[in-house]
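Coordinates in review
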Amino acid sequence: GRMIDQYLTTPVDIAFGFMFGEIQPFNQDIWAEIISAASAVSERMLLTVGTQQEANLISGWLKEAEIEHEIWENDRDPIYDRWVCSVR
């Protein structure tokens, strides 16, 4: 995932990341790199994670990169896709 920009040589309209995680302190740098690489090759992204803590981490990374996004809770999924991040 961190090398997506090496495979996509032209930007895509949207990138999807379903059931991202688990994002933990020991691997959050890798997840930050994956999200950064995906945002570099796509105009929009839709990401899902299991916990609000993971969603907040992603939101923080996107804020640092000054990338507009929205986070919301998906009450239709009790576990893996509970939190959604939409990036424009």
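Before reading on, note that the structure itself is shown above.
Residues numbered from 1 in each chain as written. Predicted model: local features only at pLDDT ≥ 70, side-chain atom pairs only at ≥ 80, totals over all residues. Heavy atoms only, no water.

**Some thoughts on the pattern of salt bridges**
In the structure shown here, the tally under the stated rule is 3 salt bridges. Taking the shortest distance from any N to any O, the salt bridge between Asp13 and Arg44 comes out at 2.6 Å. Residue Asp13 is found in strand E1 (residues 12-20), and its partner Arg44 is found in strand E2 (residues 42-49); the two are separated by 31 residues along the sequence. (Salt bridge = Lys/Arg side-chain N within 4 Å of Asp/Glu carboxyl O. Helix = DSSP H or I, 4+ residues; strand = E, 2+ residues; numbered from the N terminus.)

**Considering the sheet that holds E1**
Taken in spatial order, the 4 strands make up an open sheet running E1-E2-E4-E3, and their pairing is mixed. Edge strands, defined here as strands with exactly one partner in the open sheet, are E1 and strand E3 (69-73). Averaged over all adjacent pairs, the angle separating strand axes in this sheet is 10°, with direction ignored. By the bridge criterion, 5 bridges tie E2 to strand E4 (residues 83-87) in an arrangement that is antiparallel. By the bridge assignment, Met45 is partnered in E4 with Val87. Contacts from helix H2 (residues 28-41) reach E1 and E2, with the element oriented near 145° to E2. (Pairing = 2+ DSSP bridges. Axes fitted to C-alpha atoms, helices over the stretch in contact; angles between N-to-C directions. Contact = heavy atoms within 4.5 Å.)

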